Amino acid sequence: PNIQQGRQRCIYGEVSPTEAGGGSDSPAPKPAASPPSVPRPKDDFQEELVIRPLHSGDIYTSFQFRTLWETDFTRENKVSHYRLFPKSLGQVISKFSVRELHISFTQGYWRTMQWGQPYLPSPPGAELWVWFQDSLTDVDGTWKELTNVLSGIFCASLNFIDSTNTVQPSASFKPLGIGNVTDHQIVCTENLTPWKKLLPCGSKAGLAVLLKSEKLFHSSFHSQAVHIRPVCKDDQCKTTSWELRQTLNVVFDLHNSGQGKNEWSLFKMFSRTLTEACPVASSSKIYIDITDNSQGEQFELSPATPLLSQAVVLGDRRTFSVYDLTQQITFGTMRSLNLLIRGKSSDMLRPLLHAERYVAGYGLQTGEIHTLMYNNHPYRSFPVLLLDSVPWYLRLYIHTLTVTSKGKDNKPSYIHYQPSKDRVRPHLLEMLVQLPPNSVTEVTLQFERALLKWTEYTPDPNHGFYVGSSVISSLVPSIVAMDTNNSRERPLFSSFFPSKEESSYFVRVYTEPLLVNLPTPDFSMPYNVICLTCTVVAVGYGSLYNLLTRSFQIEEPSPGLAKRIANIIRKMRGVPPL
Amino acid sequence: YINIYSGHTNNWAVLVCTSRFWFNYRHVANTLSVYRSVKRLGIPDSHIVLMLADDMACNHRNPKPATVFSHKNMELNVYGDDVEVDYRGYEVTVENFLRILTGRLPPSTPRSKRLLSDDRSNILIYLTGHGGNGFLKFQDSEEISNVELADAFEQMWQKRRYNELLFIIDTCQGASMYERFYSPNLMALASSQVGEDSLSHQPDLAIGVHLMDRYTFYLLEFLEDIHPASKTNMNDLFKVCPKSQCVSTPGHRTDLFLRDPGSVLITDFFGSVRKVELTMETINLTDPIEQLESGELQKEMHTYADQLPVSEIIHQKPKQKDWHPPDGFILGLWTLILLVFFQTYGVKHLKHIF
């Protein structure tokens with residue numbers, strides 16, 4: 001495009017959004033002078049929003065923005081022309097030879113028993129998992145640099161991630177890589193701002209206009225994540241393209257944001273309505289989960305939409321009402337879309353797998369970690385892989401590890417334990433446990449608390465120290481057959497974890513993080529000791545020195561005032577003094 | 001020859017809040033209000049280093065999350081929707097602050113956390129927190145003294161890291177912090193003299209804490225009237241918050257500054273110099289370079305990894321750990337055992353053993 005009169009014409013304004021990514025040749029020629037052949041756009045952007053009313057009256061919204069790009073970051077001639085894919089992340093991938101990267105920032109804890117399973121699980125705090133290319137030799141150095149760069153991009157304190165809280169699991173998290181499980185982080189607008197700036201339309205058009213921080217952080221659960229990975233382009237899977245998914249999950253509370261009324265609308269949740277789709281998006285849709293509302297008796301939607309879609313997600317076939325934002329008719333005469341959902345959702349099925357974790361014991365010396373895993377399936381048992389990464393200052397006694405189900409001992413079929421090294425690496429415990437049907441499995445482990453060096457304490461040590469969440473990965477039996485054809489067009493929320501077999505689906509559950517008090521010294525003691533010692537030295541040594549080295553001389557006492565005056569008068573008279 | 005133009009080409013700002021805990025809400029609000037003014041007057045996020053020692057906006061005690069208010073009745077949200085905090089929480093330490101100023105940061109530090117100023121930069125440094133006579137407290141665990149600060153500025157001058165520097169501090173006894181400066185081109189303002197306390201402005205009953213300090217409150221009011229093209233100069237800034245409003249006596253120091261304060265514009269430090277060149281010509285872009293498609297190599301089949309391969313996990317062989325030679329302790333222990341043995345039983349038994 002030409003630059004005329006100081007105005008810039010956007011390049012993507014000339015490509016019509018209905019041409020799906022990776023398939024179009026040169027666009028329709030414009031009347032103004034255009035270059036003879038335009039390289040076909042090899043990147044594609046899709047955005048979607050899924051809204052699921054929960055049975056407790058809360059509402060769960062999940063945004064997903066996906067950019068697909070057929071390019072090769074590992075080639076010698078570096079990629080220099082970025083269109084929809086953000087340049088900051090592309091440079092990170094090529095510079096650090098990253099094969100896969102998952103980073104998430106979460107505020108709040110996902111309550112599985114009240115809300116069901118999330119589409120994308122995430123632990124409280126920040127979590128970063130990276131897989132590097134095989135060609136990388138210095139993994140530790142690159143990991144350190146990568147965490148620093150990401151902490152700059154996302155305004156997060158990821159630079160505290162170092163070898164003392166990084167693990168390399170042997171069995172969880174395929175493919176193999178290194179990661180850091182849940183550093184405690186506060187998530188706020190300063191993390192959301194750079195996240196929004198990575199989107200092709202920013203927060204100016206499309207679904208991202210709804211992302212206003214004042215409403216998003218006034219919620220029970222808020223999680224934003226960035227996932228980068230290579231995906232198959234087609235069925236044969238001979239070539240891969242890079243996929244960047246930015247996800248944002250929010251659960252709005254009925255009483256906090258909803259003012260107690262069972263009526264939700266886009267304006268009430270986000271204080272904004274939608275006016276247009278993102279111009280560069282090839283698809284922009286909103287899905288509302290209406291499976292429990294087949295006859296319209298539980299809740300009603302307005303404006304009504306004729307589009308319906310079915311998808312198999314989380315092992316169940318769900319029905320969705322679809323609003324397509326690329327169609328002008330969705331916005332109606334008012335040119336703005338404000339979805340209204342009135343009514344409650346019915347009882348949901350109990351989630352098949354959920355977990356809890358807590359610290360037992362008393363005092364500041366010992367304690368016990370208990371992890372409970374619930375299998376709520378009536379007759380099927382399934383294996384779970386439990387990953388625990390405990391910091392080195394909780395010294396675990398592995399000989400006290402017990403795993404019991406229904407009161408009986410349950411021997412895990414695989415245990416991998418890497419002991420910690422003080423100030424170098426944390427404990428890593430991975431176990432593969434078979435959970436019997438309809439049971440609770442309890443894993444207990446005793447530990448002892450260590451005393452840190454006084455400079456290692458944080459400025460507020462009485463708050464306590466955090467222990468990251470346990471990760472429980474499992475293949476849970478599904479109610480309906482899962483779709484194993486991974487390259488068919490599916491809504492984004494159902495295509496995150498690829499399915500290999502039809503009878504089960506992959507689920508990852510995170511437990512709560514633990515807050516443990518370590519024995520805290522009195523930090524005013526160095527000051528007190530210095531004062532006391534200096535006083536003792538000054539008073540004691542000083543007095544002794546004076547006694548030993550001072551010499552005494554006899555001195556005449558001075559006469560009284562009358563005698564002194566008399567002496568002066570006598571001196572004047574020339575008479576000897578008294 | 002009196003120099004009335006500063007001759008700077010870029011502007012930087014380093015804004016630091018050094019206090020932690022919820023009852024120090026006002027210090028974070030102070031820093032954010034200066035951040036907001038500085039952004040409004042044109043300095044971009046890439047040229048601002050914002051350090052906040054604690055998070056008030058998303059603190060669980062905040063009744064209105066993602067907001068930090070500076071006026072009671074929640075009139076002005078200084079946190080906003082577009083904020084980038086470079087140093088948060090435990091990262092705000094004396095060491096990091098001095099490293100930013102002097103530029104001695106580890107090589108992996110990202111750009112947003114560095115002060116990349118040169119000898120034509122005008123820098124604004126704003127500090128707030130709890131302080132005393134000659135020191136400023138960082139996060140209730142360490143202090144920075146006025147001597148250290150003066151030496152840091154001298155290092156900056158020697159390394160040509162600033163053209164002119166404006167230092168504003170809002171703490172108790174703030175004037176003591178600029179007493180020891182000795183580098184040229186420094187101008188300093190403080191909210192109170194030695195022996196005086198800087199007081200806070202007003203509490204908000206809904207939030208439950210004091211929202212702002214008096215000096216920065218009136219400074220924010222003064223800055224709200226400045227726009228990028230205004231010609232207000234430093235003499236007006238010195239008059240901000242007289243004793244009747246502030247209760248403490250604000251002080252300033254200009255003896256090290258080469259220009260006359262009356263000729264220094266507020267926007268020299270709070271605003272940003274922008275070099276924009278307007279052109280009316282048309283520029284023709286050449287065709288984009290076509291990437292030559294390399295020949296279709298025989299690509300291998302990729303597959304998605306199995307997320308939980310149970311049989312593989314169970315039959316995994318334990319990794320062979322590298323063999324390390326025994327370390328000093330083990331060798332010493334065995335030497336001791338052997339020595340004791342041979343001492344007890346005599347060397348003549350050696351031939352029976354070996």
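Because the structure is a prediction, the values reported are computed rather than measured.

Caption draft 1: Quick look at the overall build of chain A. The secondary structure content of chain A amounts to 8 helices and 25 strands. Looking at the 578 residues of chain A, the share that counts as buried comes to 51%. Taking the intrachain contacts of chain A between residues at least 6 apart in sequence as the baseline, contacts between residues at least 24 apart amount to 74%. A total accessible area of about 27,600 Å² is found for chain A, and carbon and sulfur atoms account for 53% of it.

Caption draft 2: Structural detail: the sheet that holds strand β17 (residues 394-405) of chain A. Residue and element names in this part refer to chain A. Here 5 strands make up an open sheet; going across it, the order is β14-β15-β21-β17-β18 and the pairing antiparallel. The sheet is open, and its two borders are formed by β14 (353-360) and β18 (408-409), each paired with just one other strand. Strand direction decides the pairing type here: strand β15 (residues 366-375) and strand β21 (residues 439-449), joined by 10 bridges, are antiparallel. Across the sheet, residue L372 finds its bridge partner in β21, namely E442.

Caption draft 3: Representation of the UniProt feature "active site" (unreviewed entry) in chain B in the model. Residue and element names in this part refer to chain B. Here the UniProt-annotated "active site" (unreviewed entry) positions come out as H130 and C172. With the annotated positions falling across 43 residues, the maximum pairwise C-alpha distance of 6.5 Å places them together in a single cluster. The topology assignment puts H130 in strand β5 (residues 130-132). The class of H130 is partly exposed, set by a relative accessible area of 27%. Setting aside anything within four residues of it in sequence, one finds H130 in contact with T18, S19, N24, R26, H27, L136, K137 and T171. In terms of polar contacts, H130 uses its side chain to reach the side chain of N24, at 2.9 Å. Of note, C172 is situated in the loop between β8 (164-170) and β9 (186-190). Excluding anything up to four places from it in sequence, C172 contacts G131, G132, S192, E196, D197 and S198.

Caption draft 4: Spotlight on the sheet that holds strand β20 (residues 427-435) of chain A. Residues and elements named next belong to chain A. The sheet built from 5 strands is open, its strands ordered β19-β20-β16-β23-β24 with antiparallel pairing. Edge positions in the open sheet fall to β19 (414-418) and β24 (504-510), since each of these has one partner strand only. For this sheet, the mean angle separating the axes of adjacent strands, direction not counted, is 15°. Here strand β23 (residues 471-477) runs beside β24; their pairing, made up of 7 bridges, is antiparallel. Looking at β24, one finds that S473 is bridged to R508.

Caption draft 5: Just the pattern of salt bridges, in detail. For the coordinates displayed, the defined rule picks out 27 salt bridges over all chains. Notably, a salt bridge pairs A:R229 with A:E243, separated by 2.9 Å at the nearest N-O pair. Here A:E243 lies in strand β7 (residues 240-252) and A:R229 lies in strand β6 (residues 221-232), a separation of 14 residues in the sequence. The pair formed by A:R229 and A:E243 is uniform in burial state, with each residue classed as buried. For B:D255, the salt bridge goes to B:R253, with nearest N and O atoms at 2.9 Å. Among the residues examined, B:D255 registers a relative accessible area of 57% and is labelled exposed. One continuous salt-bridge network, built from bridges that share partners, spans A:K197, B:K39, B:D45, B:D82 and B:E84.

Caption draft 6: Molecular detail of empty space enclosed by the protein. Residue and element names in this part refer to chain A. Across all of its chains, the model carries 6 cavities of 30 Å³ or more by this definition. Considering only enclosed or pocket space, the largest cavity measures out at about 250 Å³ in volume. Lining the largest cavity we find 21 residues, and of these Y119, L314, F497, Y505 and F506 sit closest to its centre. Top contributing element to the lining of the largest cavity by residue count: β24, with 4 residues. Taken domain by domain, the lining of the largest cavity gets at least three of its residues from each of domain 1 (43-343) and domain 2 (353-516).

Caption draft 7: Structural view of the domain arrangement of chain A. Residues and elements named next belong to chain A. Domains assigned within chain A are domain 1 (43-343) and domain 2 (353-516). Averaged C-alpha coordinates put domain 1 and domain 2 at centres separated by 24 Å. Taken together, the contacts link 46 residues of domain 1 with 43 residues of domain 2. Between domain 1 and domain 2, roughly 3,800 Å² of surface is buried when both sides are summed, and carbon and sulfur atoms account for 63% of that area. Summed over the shared surface of domain 1 and domain 2, the number is 0 salt bridges. The tally of links from domain 1 across to domain 2 stands at 3 residue pairs in polar contact (both at pLDDT 80 or more). Elements supplying a minimum of two residues to the side of domain 1 that touches domain 2: β1 (43-53), β2 (59-69), α2 (112-115), β4 (125-132), β5 (178-183), β6, β11 (308-313) and β12 (316-324). Of the residues assigned to the side of domain 1 that touches domain 2, the class counts are 20 nonpolar, 17 polar and 9 charged.

Caption draft 8: Quick look at the confidence of the model for chain A. In the predicted model, chain A carries a mean pLDDT of 81, and the fraction of residues at 70 or more is 86%. Predicted confidence for residues 1-38 of chain A stays below pLDDT 50, and this span has 34 contacts to residues more than four positions away or in other chains.

Caption draft 9: View of the UniProt feature "transmembrane region" (unreviewed entry) in chain B. Mapped onto the present numbering, the UniProt feature "transmembrane region" (unreviewed entry) falls at residues 328-347 of chain B. The annotated region residues 328-347 of chain B carries 90% helix and 0% strand content, and the separation between its end C-alpha atoms amounts to 25 Å.

Caption draft 10: Local environment of helix α8 (residues 561-573) of chain A. In this model, α8(A) (13 residues) spans 19 Å end to end at C-alpha, consistent with the 18 Å of a helix rising 1.5 Å per residue. Within two residues after α8(A), A:G574 carries a phi angle of roughly 90°, on the positive side.

Caption draft 11: Up close: the state of the cysteines. Within this structure, the stated rule accounts for 3 disulfides over all chains. Linked covalently through their sulfurs, A:C188 and B:C58 form a disulfide whose S-S length is 2.1 Å. Negative torsions about the S-S bond denote left-handed disulfides, and the value of about 80° found for A:C188 with B:C58 makes this one right-handed. Of this pair, A:C188 sits in the loop between β5 and α4 (189-197) while B:C58 is found in the loop between β2 (48-52) and β3 (87-88), placing the two residues in two different chains. Across this residue pair, the class does not change: A:C188 and B:C58 are buried. The partner cysteine of B:C241 in its disulfide is B:C246, sulfur to sulfur 1.8 Å. Since a negative S-S torsion denotes a left-handed disulfide, the B:C241-B:C246 link at about 100° is right-handed.

What counts and what doesn't
- Residue numbers run consecutively from 1 along every chain, following the written order of its sequence.
- Think of it this way: whatever chain is written first is A, whatever ligand is written first is 1, and the rest follow in order.
- Per-residue local features of the predicted model are confined to residues with pLDDT of at least 70, and side-chain atom pairs are confined, for both listing and counting, to 80 or more; whole-chain, interface and lining totals are unaffected and use all residues.
- Values shown for side chains rest on all heavy atoms present in the structure; no hydrogens or waters enter the calculation.
- Secondary structure is summarised from DSSP: a helix means a run of H or I of at least four residues, a strand means a run of E of at least two, and numbering begins at the N terminus for each.
- When a residue's accessible area, from a 1.4 Å probe over protein chains only, is under 20% of the maximum for its type it is buried; when over 50% it is exposed; and in between it is partly exposed.
- What makes two residues a contact is simply this: any of their non-hydrogen atoms within 4.5 Å.
- Areas reported as accessible are Shrake-Rupley estimates using a 1.4 Å probe. Residue values count occlusion only from the protein chains shown.
- Strands qualify as paired when DSSP identifies two bridges or more between them.
- UniProt positions are given in the numbering used here, feature names are shortened, and annotations may be inferred rather than shown by experiment.
- In the analysis that follows, any N or O atom pair within 3.5 Å is treated as a polar contact, provided that within protein one partner can donate a hydrogen and the other can accept it, and provided that, for residues neighboring in sequence, both atoms belong to side chains.
- Between the N-to-C directions of two axes lies an angle of 0 to 180 degrees, each axis being a line fitted to C-alpha atoms and, for a helix, fitted only over the stretch in contact.
- What makes a salt bridge here is a side-chain nitrogen of Lys or Arg within 4 Å of a carboxyl oxygen of Asp or Glu, nothing more.
- Lining residues are defined by having an atom within 4 Å of a point belonging to a cavity or pocket. Those points lie on a 1 Å grid over the protein atoms alone, cavities being sets where a 1.4 Å probe fits but cannot get out and pockets being open sets with protein on both sides within 12 Å along at least five of seven lines.
- Grid points are joined across faces, edges and corners, and a volume is the space filled by probe spheres set on the points.
- Bear in mind that the domain bounds are from an automatic or database domain assignment.
- Put simply, buried area is how much 1.4 Å-probe accessible surface two parts lose in total, over both of them, once they are put together.
- Gly is placed with the polar residues, together with every amino acid not listed as nonpolar (Ala, Val, Leu, Ile, Met, Phe, Trp, Tyr, Cys and Pro) or charged (Asp, Glu, Lys and Arg).
- Confidence per residue, as judged by the predictor, is encoded in pLDDT with a range of 0 to 100.
- Multiply 1.5 Å by the residue count of a helix minus one, and that product is the helix's expected span.
- Cysteine sulfur atoms that pair up within 2.5 Å are treated as a disulfide.

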